[in-house]
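# Summary of structural features
Residues per chain, in single letters:
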Amino acid sequence: MRQLEKELHWKPNEESNSIAIIIKHISGNMHSRWVDFLTTDGEKSYRDRDSEFVDDIESKELLMEIWTNGWKLLFNSLGNLNEEDLYKTITLRQQPLSVLQAIQTEVTHISYHLGQILYIGKQIRDNDWIILSIPKNGSKKFNEMASTKRNCE
């Protein structure tokens, strides 16, 4: 989000989601799924999913706080799991899932939306978007640098 400021609310049409909305949705999803992960249904009764798709958070700072809190909750919950927990069954929307299935479901869901955020960011910034991995036509240079680094170690 460092590359964007006011553009966090940009969307190409009314049916699309802005980055701000996606952040709000992912965070709401993480709070629902990871609070009391092993003991309560992953779709909390207090969650208002529909409100996650209303673009009503103007402050980038508040968006980043919501974003960070969701990630902290997810990583703390995962970090507190032990080996025995991985064989337990939890519920998500009143359906039983193994803990591993629930983790896979969440990782897939989050990855999908992170891809949307990156795609929107690249649409907005075009050539000014800083690629998070290897840029187009940059594989040869990357491989040469990696090879040089390995040879120096």
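Everything here concerns the structure above.
What comes next is a walk through the structure. (Residues numbered from 1 in each chain as written. Predicted model: local features only at pLDDT ≥ 70, side-chain atom pairs only at ≥ 80, totals over all residues. Heavy atoms only, no water.)

What follows deals with the overall build of the chain. Summing up its helical and strand segments, the chain has four helices and two strands in all. For the chain, the sequential pattern of α-helices and β-strands runs α-α-β-β-α-α. For the chain, whose C-alpha radius of gyration is 19 Å, the value lies well above the compact-globule estimate of 15 Å for 153 residues. Among the 153 residues that make up the chain, the fraction classed as buried is 34%. Sequence separation of 24 or more characterises 67% of the internal contacts of the chain that already satisfy a separation of 6 or more. Carbon and sulfur atoms make up 52% of the accessible area of the chain, which amounts to about 10,400 Å² in all. (Helix = DSSP H or I, 4+ residues; strand = E, 2+ residues; numbered from the N terminus. Rg over C-alpha atoms; globule rule 2.2 N^0.38 Å. Buried < 20%, exposed > 50% of the residue type's maximum accessible area, 1.4 Å probe, protein only. Contact = heavy atoms within 4.5 Å. Areas by Shrake-Rupley, 256 points an atom, 1.4 Å probe, with all protein chains shown as cover.)

Attention now goes to the environment of V54. Tracing the backbone through its elements, the reader meets V54 in the loop between helix 1 (19-34) and helix 2 (60-80). For V54 and Q123, which are 69 residues apart along the polypeptide, the C-alpha to C-alpha distance reads 22 Å. Not counting chain neighbours up to four residues away, the residues in contact with V54 comprise I21 and K24.

So, about helix 2. Over its 21 residues, helix 2 extends 30 Å from the first C-alpha to the last, a length consistent with the 30 Å expected when each residue adds 1.5 Å. Three or more residues of helix 2 are buried, namely K60, L63, W67, G70, W71, L73, L74 and S77. Along the axis of helix 2, the buried positions cluster into a sector of 165°, meaning they face one direction only. Within helix 2, the exposed residues directed more than 90 degrees away from the buried face are E61, F75, N76, G79 and N80. Considering only its buried residues, helix 2 is in contact with helix 1 and helix 3 (99-125). Two or three places before E61, at the start of helix 2, stands the capping residue S59, its side-chain oxygen 3.2 Å from that residue's backbone nitrogen. (Expected span 1.5 Å × (residues − 1). Arc of directions from axis to C-beta. Polar contact = N/O pair within 3.5 Å; in protein donor to acceptor, adjacent residues only side chain to side chain.)

This brings us to the pairing of strand 1 (residues 89-92). Burial along strand 1 is one-sided: I90 and L92 are buried, and none of T89 and T91, which face the opposite way, are. As judged from the four bridges shared by strand 1 and strand 2 (residues 95-98), these two strands associate in the antiparallel manner. Looking at the pairing, T91 lines up with P96 of strand 2. Adjacent in sequence and paired antiparallel, strand 1 and strand 2 are bridged by two residues, among which R93 carries a positive phi angle near 55°. (Pairing = 2+ DSSP bridges.)

Next up on the list: the packing of helix 2 against helix 3. Where helix 2 contacts helix 3, the axes come no closer than 13 Å and their chain directions differ by 155°. In terms of orientation, helix 2 lies roughly antiparallel with respect to helix 3. As helix 2 packs across helix 3, the resulting crossing turns out to be left-handed. Here W67, W71, L74 and L78 of helix 2 lie close against helix 3, whose contacting residues are I103, E106, I110, L114 and I117. Here the residues of the contact of helix 2 with helix 3 are counted per class, giving eight nonpolar, no polar and one charged. (Axes fitted to C-alpha atoms, helices over the stretch in contact; angles between N-to-C directions. Parallel < 35°, antiparallel > 145°, perpendicular 65-115°, else oblique. Left-handed = near helix turned anticlockwise from the far one by under 90°. Nonpolar A, V, L, I, M, F, W, Y, C, P; charged D, E, K, R; others polar.)

It is worth stressing that arrangement in space is one thing and function is another; only the former is reported here.
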